[in-house]
Every structure is written in C-alpha cells, then in structure tokens.
Amino acid sequence: MSYAGLFIYLLIVLAVIFGSMAMSKSGLNAKVIKNPIAQLYEQLYLFIENMTVGIIGGHGRRYIPMMMTIWLVVFVSNMVSLFFPAAPSGDLSFNIALALVCVGYVQWEGMKANGVFGHFGHFAGPKLGLALIPITLMIFVIEIISEVMKNVSLSLRLFGNIHGGHEAVVKLNEIGAPIYVPLGFFLLPIKFLTCIVQALIFTLLTCVYISLVTHHEEEHGGHDEGHGEMAHAH
Amino acid sequence: MTGNVLALGIGIAALGVALGLGLIGYSALQGMSRQPEAIGKLQTVMLIAFAFVELVFLLTVFVVPGAMPR
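Residues numbered from 1 in each chain as written. Chains lettered and ligands numbered in written order. Predicted model: local features only at pLDDT ≥ 70, side-chain atom pairs only at ≥ 80, totals over all residues. Heavy atoms only, no water.

Visitor: I keep staring at the packing of aromatic side chains and nothing clicks. Help me out?
Guide: Remark: the centre distance and the inter-plane angle together describe each pair of aromatic rings, the angle taken between the planes. Residue and element names in this part refer to chain A. Within this structure, the stated rule accounts for six aromatic pairs over all chains. Centre to centre, the rings of Trp71 and Phe75 are 4.7 Å apart; their planes meet at 25°, and the pair counts as stacked. Pair noted here: Trp71 and Phe75 are both in helix α3 (residues 64–83), with a separation of four residues, about one helical turn. Ring geometry for Phe120 against Phe123: centres 5.7 Å apart, planes inclined by 70°, an arrangement best described as edge-to-face. Exposure remark for Phe120: the relative accessible area of 32% places this residue in the partly exposed category. Residue classification places Phe123 among the buried positions, given a relative accessible area of 4%. Joined through ring pairs, the aromatic side chains of Phe47, Trp71 and Phe75 make up one cluster. One Lys or Arg, Lys150, reaches over the ring of Tyr209 and ends 4.3 Å from the middle of that ring. (Phe/Tyr/Trp six-rings, centres within 6.5 Å; stacked < 30°, edge-to-face > 60°. Helix = DSSP H or I, 4+ residues; strand = E, 2+ residues; numbered from the N terminus. Buried < 20%, exposed > 50% of the residue type's maximum accessible area, 1.4 Å probe, protein only. Lys NZ or Arg CZ within 6 Å of the ring centre and 35° of its normal.)

Structure below.
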C-alpha cells in the first residue's frame with residue numbers, strides 16, 4: 001500500500017475516533033447520561049481501567065489515558081479492515097510506528113519512575129560481585145535485545161493477524177468463485193473477534209511492559225500481599 | 001510430487017502452535033472451572049500466553065519465506 005493510501009485510511013480512523021468522541025461529549029451536563037455513545041465510552045473506560053489497575057496495580061491509574069488511546073487506535077484501525085480491502089494496522093509500517101511509540105513510552109515511564117540510571121541499571125539484572133562483571137554485561141546485552149524485540153513482536157503480531165485475515169478472505173473468495181459464493185464473507189465474525197482480541201492484547205502487553213518497568217517504585221508491602229493471596233488460592 | 005518445503009514447514013508450524021494453543025486453553029479452562037473466582041486473572045494470563053504462542057506462527061509465516069534460498 002502506498003503511503004498516500006495509508007494516510008487516507010488513517011484519516012478514516014482519526015475521523016471515526018474524534019467524531020464518536022465529539023458525539024459522546026454532547027449531553028454530558030445531565031445527571032443521567034442517556035447518550036448511547038457516551039455510555040459505550042463509559043463501558044470502555046471501565047474495561048480499560050479494570051485491566052490497567054489490575055495489571056499495573058494502584059499506581060497504574062495514571063497510565064489509563066495512554067492505554068485508552070492505544071486501544072482506540074488499534075481497535076478502530078482493525079475495524080477498518082472489516083470494511084475496506086486494506087487497513088492501517090494491516091500495514092507493517094503503521095504497526096512498527098505504533099510499537100515504537102509504545103515501547104518508547106515504556107522506556108520514558110521507566111526513566112520517570114526509577115531515574116535514568118536506575119532504569120538502565122534495571123537491565124543489568126541483580127547486583128553481582130565485581131568478579132561477575134562479564135555476566136552482568138551479558139545480561140545487559142540480552143535485556144537490550146529483548147527490549148528491541150518487543151517492538152518486533154508487538155508490530156508483527158498485529159500485522160500478521162490483520163494481514164493474514166485479509167489473505168484468508170481472498171483465498172476463500174477464490175475457492176468460492178466457481179460456485180459464485182463469496183466464502184470469505186463467512187470469515188467476518190472471526191475477523192471481528194480478531195479485531196477485539198488483538199486490540200486487547202496490544203494494550204495488555206503494553207500494560208505488562210509498564211508494570212515490569214515501574215513495579216520497583218512500590219514498597220514491598222503490596223508484593224508480599226500478592227504472594228499471600230496466591231498462597232491462599234492454593 | 002508438487003508443492004514446496006515452505007508449505008510443509010508452515011503446516012508443521014501450524015500443528016505445533018495449535019497444540020500449544022490447545023494446551024493453554026485446556027489448562028486455563030481447567031483452572032477456571034476449579035476456581036471460578038480467579039477467572040479474571042486467569043483470562044489475562046491466558047491471553048498473554050496466547051499472544052506469545054501465536055507470534056511463533058506469525059514469525060514462521062512472515063520471516064521464513066524471506067530467509068528461504070531461492
């Protein structure tokens with residue numbers, strides 16, 4: 001897909017997001033929100049809040065706006081793929097940009113939570129003695145590589161799912177062409193499911209990365225409490 | 001015999017990933033049925049594991065064709 005085409009699909013995504021949000025703002029002064037779009041957004045907010053606070057913990061509330069943005073962008077650009085022959089998230093360049101933004105945001109939040117040296121010292125693993133410097137260096141390199149691979153895994157997963165859905169529909173249409181049945185049409189429900197799940201997974205993994213980076217900020221009381229809960233569950 | 005090695009490889013990858021996804025779903029469902037109050041947490045972890053297993057297949061599909069000798 002050319003960049004101009006990608007930009008037009010991106011404009012559709014932005015128009016849908018901003019349009020629906022502008023519509024959801026009307027009638028907010030009433031005591032009871034009767035606007036169905038606003039109610040939909042309320043449910044979405046509750047869902048994202050549940051997920052973010054559940055994964056990151058109590059201090060995760062401040063990451064909700066970013067998670068909401070990621071969910072909306074990914075979900076709406078996935079939904080575009082149901083109606084059009086191409087979609088922003090069916091193009092690898094858009095996905096890599098999205099993943100770079102997310103992983104960069106995670107680094108930024110890690111630096112804000114632990115300080116620059118604390119954040120990069122976090123990559124070096126546990127504090128070992130001076131004699132074990134080579135091992136610390138190796139851990140550091142491996143952690144940097146895994147940090148870079150987060151970009152690849154996030155972007156390639158989204159791209160593979162959306163692009164693969166398109167390919168499957170095209171192939172099924174080819175199979176059904178001799179009998180004049182658009183068999184690819186019957187893939188729509190599963191593509192819709194893929195849209196929701198992929199948006200969820202993208203947001204979820206960003207949450208997990210943030211929680212991995214910022215969990216040192218909390219005191220260890222919460223940690224022990226979690227262990228006690230798990231022991232109780234067993 | 002028609003076809004190429006790539007198709008066979010993708011078939012094997014699909015087989016392995018299907019087994020992995022089935023195992024995840026199996027154990028998650030078992031855990032959920034044994035402990036219904038933990039469904040929320042289990043679903044989250046299950047989805048993360050799904051994502052990681054799925055990625056293996058996507059890597060196979062999109063990276064291996066580029067790495068194949070022509």
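Visitor: Any chance you could explain the side chain of Gln107 of chain A here in plain terms?
Guide: Residues and elements named next belong to chain A. Examined against the element boundaries, Gln107 turns out to sit in helix α4 (residues 92–114). Looking at Gln107, the relative accessible area reads 14%, which means it is buried. For Gln107, the side chain forms a polar contact with the side chain of Glu147, separated by 2.5 Å. Beyond its immediate stretch of four places on either side in the chain, Gln107 contacts His119, Phe123 and Glu147. (Polar contact = N/O pair within 3.5 Å; in protein donor to acceptor, adjacent residues only side chain to side chain. Contact = heavy atoms within 4.5 Å.)

Visitor: Whenever I open this one, α4 of chain A confuses me. Can you help?
Guide: Each turn of an α-helix holds 3.6 residues, which means side chains three or four residues apart point in the same direction. Residue and element names in this part refer to chain A. Helix length check: α4, at 23 residues, gives a terminal C-alpha distance of 32 Å against a target of 33 Å (1.5 Å per residue), a fit within 8%. Burial in α4 covers these residues: Phe94, Asn95, Leu98, Ala99, Cys102, Val103, Tyr105, Val106, Gln107, Glu109 and Gly110. Buried residues along α4 sit against α1 (3–25), α3, α5 (116–122), α6 (133–176) and α7 (188–214). Among the residues trailing α4, Gly115 stands out with phi positive, at a value near 85°. (Expected span 1.5 Å × (residues − 1).)

Visitor: Honestly, the packing of helix α2 (residues 36–56) of chain A against α7 of chain A in this entry has me stumped. Any pointers?
Guide: Two packed helices can be described by the angle between their axes and the distance between those axes. Residue and element names in this part refer to chain A. As a packed pair, α2 and α7 sit with axes 9 Å apart at the nearest point and diverge in direction by 35°. In terms of crossing hand, the pair formed by α2 and α7 is right-handed. Contacts between α2 and α7 involve Phe47, Met51, Thr52, Ile55 and Ile56 from the first element and Leu200, Thr203, Leu204, Cys207, Val208, Ile210, Ser211 and Thr214 from the second. (Axes fitted to C-alpha atoms, helices over the stretch in contact; angles between N-to-C directions. Left-handed = near helix turned anticlockwise from the far one by under 90°.)

Visitor: Would you mind going over the interface of chain A and chain B with me for this structure?
Guide: The parts lose accessible area when they come together, and the size of an interface is often stated as this lost area. With 17 residues of chain A at the contact, the number on the chain B side is 13 residues. Ranking the residues of chain A by area buried against chain B places Leu156, Arg157 and Leu204 of chain A at the top, with a combined share of 35%. The interface formed by chain A and chain B includes zero salt bridges. Counted by class, the side of chain A that touches chain B contains 10 nonpolar, five polar and two charged residues. (Buried area = accessible area lost by both parts, 1.4 Å probe. Salt bridge = Lys/Arg side-chain N within 4 Å of Asp/Glu carboxyl O. Nonpolar A, V, L, I, M, F, W, Y, C, P; charged D, E, K, R; others polar.)

Visitor: Looking at this structure, I do not really get the packing of α3 of chain A against α4 of chain A. What am I missing?
Guide: All names here are of chain A. In the contact formed by α3 and α4, the axes pass within 12 Å of each other and the chain directions differ by 170°. In terms of axis orientation, α3 runs roughly antiparallel to α4. Two secondary-structure elements touch here, α3 through Met66, Ile70, Val73, Val74 and Ser77 and α4 through Phe94, Leu98, Val101, Cys102 and Tyr105. (Parallel < 35°, antiparallel > 145°, perpendicular 65-115°, else oblique.)

Visitor: Before we go on, may I ask you to explain the confidence of the model for chain A in this structure?
Guide: Predicted coordinates in regions of low pLDDT should not be interpreted in detail. Residue and element names in this part refer to chain A. This prediction gives chain A a mean pLDDT of 84; 91% of its residues lie at or above 70. Mean pLDDT in chain A bottoms out at helix α8 (residues 220–233), which sits at 43, and peaks at α3, which reaches 93. Low pLDDT, under 50, characterises residues 219–234; the predicted model gives this stretch two contacts beyond four residues in sequence or across chains. (pLDDT = per-residue confidence, 0-100.)

Visitor: Even after reading the chapter, I still don't get helix α2 (residues 39–67) of chain B, so can you show me in this structure?
Guide: A rise of 1.5 Å per residue sets the reference length of α2 of chain B, with its 29 residues, at 42 Å; its end C-alpha atoms lie 41 Å apart and thus fit the reference within 8%. The sharpest bend along α2 of chain B reaches about 30° and sits at Thr60 of chain B. Taken as a whole, α2 of chain B has its buried residues at Met46, Leu47, Ile48, Ala51, Leu55, Leu58 and Thr60 of chain B. Looking at the buried side of α2 of chain B, the elements it contacts are α6 and α7 of chain A together with α1 (5–34) of chain B. (Bend = angle between axes of the 7 residues up to and from the residue.)

Visitor: Explain a nonpolar patch on the surface here, please?
Guide: Residue and element names in this part refer to chain A. Together, Phe7, Leu11, Leu14 and Phe18 line one region of the surface with nonpolar side chains, adding up to about 420 Å² of accessible area. With respect to the helices, strands and loops of the structure, Phe18 is situated in helix α1. A residue is classified by how much of its surface remains accessible, and Phe18, at 56% relative accessible area, is exposed. (Patch = residues over 30% accessible without salt bridge, like charges linked within 9 Å, V, L, I, M, F, W, Y side chains within 5 Å. Areas by Shrake-Rupley, 256 points an atom, 1.4 Å probe, with all protein chains shown as cover.)

Visitor: Teacher, can you tell me more about the nonpolar core here?
Guide: Across soluble globular proteins, nonpolar side chains have a tendency to be buried as a group. Core analysis: the largest hydrophobic core is formed by 51 residues, its most contacted members being Leu154 and Phe202 of chain A. Breaking this core down by element, the ones donating at least two residues are α1, α2, α3, α4, α6 and α7 of chain A together with α2 of chain B. Per element, the largest residue contribution to this core is 14 residues, and it comes from α3 of chain A. Once you skip the residues sitting within four places of it in the chain, Phe202 of chain A turns out to touch Ile70, Val74, Leu98, Ala99, Cys102, Leu154 and Leu158 of chain A. (Core = buried A, V, L, I, M, F, W, Y, C linked by side-chain atoms within 4.5 Å.)

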